[in-house]
Amino acid sequence: MSLANRGVRASAACRAWARAPCLGLLTVLKLRGLTLITNVGATELFKRLGGRLKVCDLRGCARLSAPTAQSLASGTLEEADLGGWPLLEDAGLGALLAPTRSRSAASASAAVA
């Protein structure tokens, strides 16, 4: 689903989607440029997705920060664009990258064994 650069009430829309019965079908979500989206709406949406999301484009969603990055970290995300997040700190980015590091370490140990 793509709402890139749409003039919607982004956080309210995210909270509404979080309650939608078809939410489990989403694997790609593009919210690029939704400058009004907040951590509240985004985290609720990503928590309800339950880790099924594979691709997420949040470039330019400048109000998002660590809570959103942490809510994305709980899944099997393969690709994420978080460019243009001035509020994103090291802790939030570290939480998002931690599952990748764990999978890489497990792959490396399996290759050595």
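Each chain has its residues counted from 1, following the order in which its sequence is written. With pLDDT at 70 or above as the cut-off, local features in this predicted model cover only qualifying residues; side-chain atom pairs require 80 or more to be listed or tallied, and sums for whole chains, interfaces and linings still use all residues. Each side-chain value is worked out from all heavy atoms of the structure, with water and hydrogens disregarded.

*Asks:* Pulling in residues and values, what's your account of the overall build of the protein chain?
*Replies:* Helices and strands together make up the secondary structure of the protein chain, namely four helices and three strands. The way it works is that DSSP assigns letters per residue, a run of H or I at least four long becomes a helix, a run of E at least two long becomes a strand, and they are numbered from the N terminus. Along its sequence from the N terminus, the protein chain presents helices and strands in the succession α-β-α-β-α-β-α. Only protein chains enter the accessibility calculation, which uses a 1.4 Å probe; a residue whose area is less than 20% of its type maximum is buried, one above 50% is exposed, and one in between is partly exposed. Residue burial in the protein chain is summarised as follows: out of 113 residues, 37% are buried. Long-range pairs, those at least 24 residues apart, make up 69% of the contacts in the protein chain between residues at least 6 apart in sequence. We call two residues contacting when some pair of their heavy atoms lies within 4.5 Å.

*Asks:* Run through the sheet that holds strand E2 (residues 55-57), naming residues and quoting values.
*Replies:* For two strands to be treated as a pair, DSSP must find at least two bridges joining them. With parallel pairing, the three strands of this open sheet are ordered in space as E1-E2-E3. Strands with a single pairing partner mark the edges of an open sheet, and in this sheet they are strand E1 (28-30) and strand E3 (79-81). Taking the axes of each pair of neighbouring strands and ignoring which way they run, one obtains an average angle of 5° across the sheet. Across three bridges, the pairing between E1 and E2 is parallel. Residue pairing for E2: Val28 is matched across the bridge by Val55. All axes here are fitted lines through C-alpha atoms, helices being fitted over the stretch that makes contact, and every angle between N-to-C directions spans 0 to 180 degrees.

*Asks:* Tell me about the nonpolar core, and please be specific about residues and values.
*Replies:* The criterion is simple. A nonpolar core is a set of buried Ala, Val, Leu, Ile, Met, Phe, Trp, Tyr and Cys residues joined through side-chain atoms within 4.5 Å. Residues Ile37, Phe46, Leu53, Leu58 and Leu72 are the most contacted members of the largest nonpolar core, which totals 23 residues. Only helix H2 (39-49) and helix H3 (66-72) provide two or more residues apiece to this core. A total of four residues in this core trace back to one element, the largest contributor, which is H2.

*Asks:* Please provide a residue-by-residue account of the pattern of salt bridges, values included.
*Replies:* The working definition used for a salt bridge is a side-chain nitrogen of Lys or Arg within 4 Å of a carboxyl oxygen of Asp or Glu. In total, this model carries three salt bridges according to the counting rule given. A salt bridge links Arg32 to Asp81; the shortest N-O distance between them is 3.1 Å. Pair noted here: Arg32 is in the loop between E1 and H2 and Asp81 is in strand E3, with a separation of 49 residues, a long-range link. Its relative accessible area of 31% is what places Arg32 among the partly exposed residues. The shortest N-O distance in the salt bridge between Arg59 and Asp81 comes to 3.0 Å. Residue Arg59 is located in the loop between E2 and H3, and its partner Asp81 is located in strand E3; the two are separated by 22 residues in the primary sequence.

*Asks:* Quick one: what's the story with empty space enclosed by the protein, residue by residue and with numbers?
*Replies:* Throughout, the protein atoms alone are placed on a 1 Å grid, and a set of points is a cavity if a 1.4 Å probe fits but cannot get out or a pocket if it is open with protein on both sides within 12 Å along at least five of seven lines; lining residues have an atom within 4 Å of a point. Grid points are joined across faces, edges and corners, and a volume is the space filled by probe spheres set on the points. Taken as a whole and judged by the stated rule, the model has one cavity of 30 Å³ or more. Considering only enclosed or pocket space, the largest cavity measures out at about 70 Å³ in volume. Counting residues per element, the ones that place at least two in the lining of the largest cavity are H2 and H3. Just so you know the grouping, Ala, Val, Leu, Ile, Met, Phe, Trp, Tyr, Cys and Pro go in nonpolar, Asp, Glu, Lys and Arg go in charged, and all remaining residues, Gly too, go in polar. Among the residues making up the lining of the largest cavity, the classes are represented as five nonpolar, five polar and no charged.

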